[in-house]
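So you can see what is in the structure, the chains are spelled out below.
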Amino acid sequence: MVHSLGNLDLVTVRVNRARVQMRSESRPMSQPIQSVVNAFAVLEAVAEHQPVGLSETARLTGLPKTTVLRCLSTLRETGWLTASPDGRSEWALTNRALLMGMRSAPAGDLATLMQGELSAIRDEVGETVHLLVRDGDDQVVVSRADGVGAIRTYLALGTRVPHHSTASGRAMLAAMPPQQRREVLDAEARVSEFDRDAVERHVTAAITRGYAINHAEWRDDIAGVGVAIFGGAGELRAAVSVSLPTTRLEAIGADSVADVLLASQRRVSAILR
């Protein structure tokens, strides 16, 4: 009798499992994952109101602070958000959204806005002009106006570029808060032939002048002059650099190229206000 009841119990368990499985399979596959929904809500709130703090994000999304904090931390780890230097006060988008959008469109909003400026700079100096934005510890080329000379420099869209050895990167470093600058240089210090003292001198010079210069430290025989681009609140948005053979930079003069870039910087800053 006991053996018979054991078999009956086993059959009952199997039937119950089958019912659970059938109910599970009958559920619509489109049922949302709540944690993902929450993360997108937080991402969109930050995008619209950045820079924004934890409490305000929680108010905007209607989510508990603990949930919002988990979402913010996750989005920072995945490269979509960046936190203020203390890691807690305010949050903002990284350039990941722009770069993602560029994979399905010719350019992001900033690149589209800047294209006329890049062409104007190119027409005045005759050399290739690049627009770069920061993505993590790198810069990425997001737009370009090709030079008109028979010999001209070229970087493909999407090319990742270091900060420490390029004019655009040094211009960005000069515009960053000291802690952020240290973090970028700490990450780049792993590359060979990295001379931190020399980089710091270049950055200090860029802060003093308002523009940065690269004398073939990144690519042989290729020089550059770069300036930072700022948003309406004075935040660092991007960098623009003129790239050209070192012999032509010596002939033109870095100051002459910088005058053109700085005039463009002022025009763009007024537009982004």
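All values reported here derive from a predicted model rather than from experimental measurement. Throughout this description, residue numbers start from 1 for each chain and increase along the sequence as written. Side-chain atom pairs in this predicted model are given and counted only at pLDDT of 80 or more, local residue features only at pLDDT of at least 70, and totals for whole chains, interfaces and linings cover all residues. Excluding hydrogens and water, the side-chain values take into account all heavy atoms of the structure.

### Concerning the overall build of the protein chain
Under the convention used in this document: Secondary structure elements follow DSSP: runs of H or I no shorter than four residues count as helices, runs of E no shorter than two count as strands, and numbering proceeds from the N terminus. Exposed residues in this analysis have more than 50% of their type's maximum accessible area, buried residues have under 20%, and partly exposed residues fall in between, with area computed by a 1.4 Å probe over protein chains only. By the convention used here, residues are in contact when the closest approach between their heavy atoms is within 4.5 Å. Only the protein chains shown count as cover for residues, with accessible areas throughout obtained via the Shrake-Rupley method and a probe of 1.4 Å.
The helix and strand tally for the protein chain stands at eleven helices and eight strands. Taken across its 273 residues, the protein chain has 41% of its residues classed as buried. Long-range pairs, those at least 24 residues apart, make up 53% of the contacts in the protein chain between residues at least 6 apart in sequence. Roughly 15,200 Å² of accessible area belongs to the protein chain as shown, and the carbon and sulfur atoms make up 53% of that amount.

### Quick notes on the sheet that holds strand S6 (residues 212-215)
Selection rule: For two strands to be treated as a pair, DSSP must find at least two bridges joining them.
With antiparallel pairing, the six strands of this open sheet are ordered in space as S5-S4-S3-S8-S7-S6. Looking along the sheet, the strands with just one partner apiece sit at the ends: strand S5 (160-161) and S6. For S6 and strand S7 (residues 222-230), the ladder comprises four bridges, and the chain directions are antiparallel. Among the inter-strand pairings, Asn214 is bridged to a residue of S7, identified as Gly224.

### Comments concerning the layout of surface pockets
How we decide: Put plainly, a pocket is an open set of points on a 1 Å grid over the protein atoms alone with protein on both sides within 12 Å along at least five of seven lines, a cavity is a set where a 1.4 Å probe fits but cannot get out, and a lining residue has an atom within 4 Å of a point. Grid points are joined across faces, edges and corners, and a volume is the space filled by probe spheres set on the points. Residues were grouped as follows: Ala, Val, Leu, Ile, Met, Phe, Trp, Tyr, Cys and Pro as nonpolar; Asp, Glu, Lys and Arg as charged; and all remaining residues, including Gly, as polar.
Considering only enclosed or pocket space, the largest pocket measures out at about 1,500 Å³ in volume. Forming the boundary of the largest pocket are 40 residues, of which Thr82, Ala92, Leu93, Thr94 and Gln180 lie nearest the centre. Classifying every residue of the lining of the largest pocket gives 18 nonpolar, eleven polar and eleven charged. No other element matches helix H9 (residues 196-209), which puts three residues into the lining of the second largest pocket. When the residues that make up the lining of the second largest pocket are grouped by side-chain class, the tally is five nonpolar, four polar and four charged.

### Details of H9
What counts, and what does not: By definition here, a helix of n residues has an expected span of 1.5 Å times n minus one. Working definition: the arc comes from the directions between the helix axis and the C-beta atoms, pointing outward to the latter. Polar contact criterion, stated in full: a pair of N or O atoms within 3.5 Å, where within protein one must be able to donate a hydrogen and the other to accept it, and residues adjacent in sequence count only if both atoms are side-chain atoms.
End to end, H9 covers 20 Å across 14 residues, agreeing with the expected 20 Å (1.5 Å per residue, within 8%). Among the residues of H9, Ala198, Val199, Val203 and Ala206 are the ones counted as buried. For H9, the buried positions fall inside an angular range of 135° around the axis, keeping them on one side. Residues of H9 that are exposed and point more than 90 degrees away from the buried face comprise Asp197, Arg201 and Thr208. Residues of H9 that are buried make contact with helix H7 (167-175), helix H8 (178-188) and S6. Measuring from the side-chain oxygen of the N-cap residue of H9 to the backbone nitrogen of Asp197 gives 3.3 Å; that N-cap residue is Asp195.

### Quick look at the pairing of strand S3 (residues 128-135)
Within a regular strand, side chains alternate between the sheet's two faces. Within S3, seven of the eight residues are buried, which leaves the element mostly enclosed by the surrounding structure. Examined bridge by bridge, S3 and strand S8 (residues 236-245) share five bridges and lie antiparallel to one another. Pairing of Thr128 across the sheet is with Ser243, part of S8. Direction of pairing for S3 relative to strand S4 (residues 138-145): antiparallel, over a ladder of seven bridges. Paired with Val133 across the strands is Val140, a residue of S4.

### Regarding the packing of aromatic side chains
Here is the rule: Ring pairs shown here join Phe, Tyr and Trp side chains whose ring centres sit within 6.5 Å, with only the six-membered ring taken for Trp; geometry is labelled stacked below 30 degrees between planes, edge-to-face above 60, and tilted in between. Comment: the charge-over-ring label is applied if NZ (Lys) or CZ (Arg) is within 6 Å of the ring centre and within 35 degrees of the ring normal.
Summed over the entire model, instances satisfying the criterion amount to zero aromatic pairs. Above the plane of the ring of Tyr211 lies Arg209, whose end atom (NZ or CZ) is 5.0 Å from the centre.

### A closer look at the side chain of Asn214
In this fold, Asn214 is placed in strand S6. One polar contact links the side chain of Asn214 to the main-chain amide nitrogen of Ala216, over a distance of 3.1 Å. One polar contact links the side chain of Asn214 to the main-chain amide nitrogen of Glu217, over a distance of 2.8 Å. Beyond its immediate stretch of four places on either side in the chain, Asn214 contacts Ser165, Thr166, Ala167, Arg170, Ile222, Ala223 and Gly224.

### Observations concerning the confidence of the model for the protein chain
Convention followed: Confidence scores per residue from the predictor, reported as pLDDT, run from 0 to 100.
The pLDDT averaged across the protein chain works out to 84; a share of 83% of its residues lies at or above 70. Here helix H1 (residues 2-26) stands out as the least confident element of the protein chain, with mean pLDDT 44; H7 is the most confident, with 97. Taken as a whole, residues 1-20 scores under 50 in pLDDT and shows zero contacts with residues more than four places along the chain or in a different chain. Counting contacts from residues 22-27, a segment whose pLDDT is below 50, to residues more than four positions away or on other chains yields zero contacts.

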